[in-house]
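Now for the letters of each chain:
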Number of protein chains: 2
Amino acid sequence: MNAIYLEDNKLSVRESYPQPEPAAGEALIRVTLIGVCSTDLELVKGYYPYSGVLGHEFVGVVERCDDTSWIGERVVGTINISPTCDGACGLRCPEHCPERTVLGIVAKDGAMAEYVTLPTQNLLRVPANVPDPSAVFTEPLAAAVRITEQTAVAGQRTAVVGPGRLGLLVAQVLRHFGADVTVVGRSEKSLALPAKLGFVTAQNNDDLAAFDLIVETTANPNGFAWAVEKIRPNGTIILKSTYADTTPPNFAALMAQIVVNEITLIGSRCGPFQPALDLLAQGVIDVSVLIEREFALQDGVAAFEHAAQPSVRKILLRP
Amino acid sequence: MNAIYLEDNKLSVRESYPQPEPAAGEALIRVTLIGVCSTDLELVKGYYPYSGVLGHEFVGVVERCDDTSWIGERVVGTINISPTCDGACGLRCPEHCPERTVLGIVAKDGAMAEYVTLPTQNLLRVPANVPDPSAVFTEPLAAAVRITEQTAVAGQRTAVVGPGRLGLLVAQVLRHFGADVTVVGRSEKSLALPAKLGFVTAQNNDDLAAFDLIVETTANPNGFAWAVEKIRPNGTIILKSTYADTTPPNFAALMAQIVVNEITLIGSRCGPFQPALDLLAQGVIDVSVLIEREFALQDGVAAFEHAAQPSVRKILLRP
């Protein structure tokens, strides 16, 4: 089958990659649509030492499964896999299971292929009124919903820094949950889309009153520095993005401000799929405006090159 | 009067410094004992642009006050001053009031002098069974108690990094509030005192299981890096110390770990005085072992030189 494979930070489309075999408790899923995530781009840059098929944002149809009730179902799948975990570690499982594999990220072939396997416990049925181009956003949308599990958002004067793919999902989710959201970007051009979505927008050098809550989605240490500067005392910063290999403008001064202003910083990663699917089914999150372009799976290398350009919205891949 | 004065990062004892005049609502306090805090040492290094009398850990006796009920009372005083604040800002006040002055730190002469003034709303009476050399620890002890207002500590597997003056107050407070505390230091020698206080101790290069809660008190970015490395997923790191002008070993990797492991980082500063006084009155915190040596106020320069040496416990000054 066709699969987008990463090895030694080199991306290629393999045409005769072996179709995966579902183990006991797993489903074989025919992939119908896949999203390219910033994490995929970071993996290509060597951010983690991963070799294998990429892709963890997908929707597909179950073709084979011991549990026949899944066969023919249109599904999305959570990405942290720990089928033998008994919860004894006391950690949030499987998201933080030390034994976990992660679809297309850690020791588990991903979904940028014609077929993928996952344990059935990772699968969720997609509501009939959620088409594939929406369902494919379930994983990043769940990551946005995760924030609402970590801190109170209703009524909070909130800045979402970074008007990119993830930032605009976060902004819509937090608005839906009652936050008063401003979307912050570096250029007027980057703020056109959030403005179209009805958000108050601001440029990062605007003179703004302090925020109660700031969500950092820029993958740029300057975004972090901006957040520390603009959060009110005792406010909360959610860190959604990681940084490549740069250091922030002034680490010591930023840390001092965190202490003196008693800022809370919360790292935030994967979130709950069911509420994300519910939001999509209710039609309260506009994902269609976030789609940049669809590529055929076999044009994966070109798709990644396109996705890596600045200000590009979501690139989708169709097997 | 004698006063320890800081100007252009230069410390001196001024012998004829004018005695302060209490304004309306303020008390004139004859200072009986003062502690030298790491913040004082940082101020001397130029960490903040402060000029004035240093000192914010003190105990004294009220000599003059419009409200005569205070006269003759032995008092300690909170250090953030904002007498006109009406709370409209919605911030934790006066600790985060943008208009505040801070005793011996921001635009307000401190207590390393024969006399100091403070608004009576900043004063607390010292219980009779708490002698001056204990009461002088109220401010840093309150800063330790602050942690228990910010996160749940009971039953948490907790590391206090840095067996110094503040670390050993924090360790005792958290133990009193039910945490399972390990004190972590860089050398065996530095761990003798926490061991004497009955704590499990560990060196920072020991192979330790992950902690639920880590309190960073080292003022060294390596302490921060250690905390990020040793906290469990979804665990909490309390930042009690600020860093001078060094950058951490690998900022990007640390931040990535905060996101991937969904770590919560909380800056922590001043705390509530009354619970701290209560703990001293109950005799549950041993502060006597934390005292290194007492100097006369007029020997303040020598006292600061002594306090700046590594592994030195609390230096006290007596006017």
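## What about the environment of B:Lys189?
Inspection of the secondary structure assignment puts B:Lys189 in the loop between strand S12 (180-185) and helix H5 (192-196). B:Lys189 sits 84 residues away from B:Phe273 along the chain, and the two C-alpha atoms are 32 Å apart.

## Digging into the packing of helix H3 (residues 138-150) of chain B against helix H4 (residues 165-176) of chain B
All names here are of chain B. Close contact between H3 and H4 brings their axes to 9 Å; oriented N to C, the two are set at 45°. Judged by the angle between their axes, H3 and H4 are oblique. The handedness of the crossing between H3 and H4 is right-handed. Counted together, Pro140, Leu141, Ala144, Val145, Ile147 and Thr148 of H3 and Leu166, Leu169, Val170, Val173 and Leu174 of H4 form the full contact between these two elements. Of the residues that constitute the contact of H3 with H4, the class distribution is 10 nonpolar, 1 polar and no charged.

## Structural notes on the relation of the copies chain B and chain A
Between chain B and chain A, the superposition needs a rotation of 180° and an axial shift of 0.0 Å, giving an RMSD of 0.0 Å. Put plainly, the chains are arranged around a two-fold axis. Taking the C-alpha atom as reference, chain B places B:Leu265 closest to the rotation axis, 2.4 Å from it. Both copies share a contact surface, since 100% of the interface residues of chain B are interface residues in chain A too.

## Description of unusual backbone geometry
Residues and elements named next belong to chain A. Although it is not a glycine, Asp8 sits at a positive phi angle of roughly 50°. Structurally, Asp8 can be placed in the loop between strand S1 (3-7) and strand S2 (10-14). Judged by relative accessible area, which is 69%, Asp8 ranks as exposed. The phi torsion at Ala107 lies on the positive side, around 55°, for a residue other than glycine. Structurally, Ala107 can be placed in the loop between strand S8 (101-102) and strand S9 (115-119).

## Concerning the confidence of the model for chain A
The predicted model of chain A has a mean per-residue pLDDT of 94, with 98% of residues at 70 or higher. Across the predicted assembly, pTM comes out at 0.94 and ipTM at 0.94.

## Section: the side chain of A:Asp212
Residue and element names in this part refer to chain A. Summarising the element assignment, Asp212 is placed in strand S14 (residues 211-216). We classify Asp212 as buried; its relative accessible area is 17%. Looking at Asp212, its side chain comes within polar contact range of the main-chain nitrogen of Arg157, at 2.8 Å. Side chain to side chain, Asp212 and Arg232 meet in a polar contact 2.7 Å long. Not counting the four nearest positions on each side in its chain, Asp212 is found in contact with Gly155, Gln156, Arg157, Ile231, Arg232, Gly235 and Thr236.

## Considerations on the sheet that holds strand S11 (residues 157-161) of chain A
Each strand in a sheet pairs with its neighbour through backbone hydrogen bonds, running either in the same direction (parallel) or in the opposite one (antiparallel). Sheet architecture is open: 12 strands sit in the order S13(A)-S12(A)-S11(A)-S14(A)-S15(A)-S16(A)-S16(B)-S15(B)-S14(B)-S11(B)-S12(B)-S13(B), paired in mixed fashion. Both edges of this open sheet fall to strand S13 (200-203) of chain A together with strand S13 (200-203) of chain B, since each of them pairs with a single strand only. With direction set aside, neighbouring strand axes in the sheet form an average angle of 20°. Pairing geometry for strand S12 (residues 180-185) of chain A and S13(A), over 4 bridges, is parallel. Across the sheet, residue A:Gly185 finds its bridge partner in S13(A), namely A:Gln203. Sheet strands in contact with helix H7 (residues 251-260) of chain A are strand S16 (264-267) of chain A together with strand S15 (231-239) and strand S16 (264-267) of chain B, and its direction is about 85° off that of S15(B). In the packing of helix H6 (residues 221-230) of chain B onto the sheet, contacts are made with strand S11 (157-161), S12, strand S14 (211-216), S15 and S16 of chain B, and the angle to S15(B) comes to roughly 155°.

## Points about the side chain of A:Thr117
Residue and element names in this part refer to chain A. As for its position among the elements, Thr117 is in strand S9. Residue Thr117 is classed as buried on the basis of its relative accessible area, which comes to 6%. A distance of 2.8 Å separates polar atoms of two side chains, one belonging to Thr117 and the other to Lys108. Residues contacting Thr117, with those up to four places away along its chain left out, are Pro20, Glu21, Pro22, Glu26, Ala27, Leu28, Leu103 and Lys108.

## What to know about the sheet that holds strand S1 (residues 3-7) of chain B
All names here are of chain B. Strand order in this open sheet of 3 strands is S2-S1-S4, and the pairing throughout is antiparallel. The strands lining the two open edges of the sheet, one partner per strand, are strand S2 (10-14) and strand S4 (52-53). As paired strands, S1 and S4 are joined by 2 bridges and run antiparallel to one another. Directly across from Tyr5, in S4, lies its bridge partner Val53. Contacts from helix H9 (residues 300-307) reach S1 and S2 within the one sheet, and its direction differs from that of S2 by about 145°.

Conventions and cut-offs
- The residue numbering used here restarts from 1 in each chain and proceeds along that chain's sequence as written.
- All chains are assigned letters beginning at A, and all ligands numbers beginning at 1, according to the order in which they are written.
- The predicted nature of this model means local features are confined to residues of pLDDT at least 70 and side-chain atom pairs, given and counted, to a pLDDT of 80 or more, with totals for whole chains, interfaces and linings taken over all residues.
- Note that the side-chain values use all heavy atoms of the structure and ignore hydrogens as well as water.
- Counting from the N terminus, the helices are the DSSP runs of H or I reaching at least four residues and the strands are the DSSP runs of E reaching at least two.
- Only the contacting stretch of a helix is used when fitting its axis, a line to C-alpha atoms as for every element, and angles between N-to-C directions run 0 to 180 degrees.
- In what follows, roughly perpendicular refers to angles from 65 to 115 degrees, roughly parallel to angles under 35, roughly antiparallel to angles over 145, and oblique to any angle outside these ranges.
- Note: crossing handedness is left-handed where the near helix turns anticlockwise from the far helix by less than a right angle, and right-handed where it turns clockwise.
- Note on contacts: a residue pair qualifies if any of its non-hydrogen atoms lie within 4.5 Å across the two residues.
- Residues were grouped as follows: Ala, Val, Leu, Ile, Met, Phe, Trp, Tyr, Cys and Pro as nonpolar; Asp, Glu, Lys and Arg as charged; and all remaining residues, including Gly, as polar.
- Each copy is superposed on the other by least squares, with the fit set by C-alpha atoms of residues at a pLDDT of at least 70 in both.
- Only protein chains enter the area calculation, which uses a 1.4 Å probe; residues under 20% of their type maximum are buried, those over 50% are exposed, and those in between are partly exposed.
- As a per-residue quantity, pLDDT reports the predictor's confidence and falls between 0 and 100.
- Whenever a nitrogen or oxygen atom comes within 3.5 Å of another N or O atom, the pair is scored as a polar contact, on the condition that within protein one atom can donate a hydrogen and the other can accept it, and that pairs from neighbouring residues in sequence are kept only if both atoms are in side chains.
- The pairing criterion for strands is at least two bridges between them, as found by DSSP.

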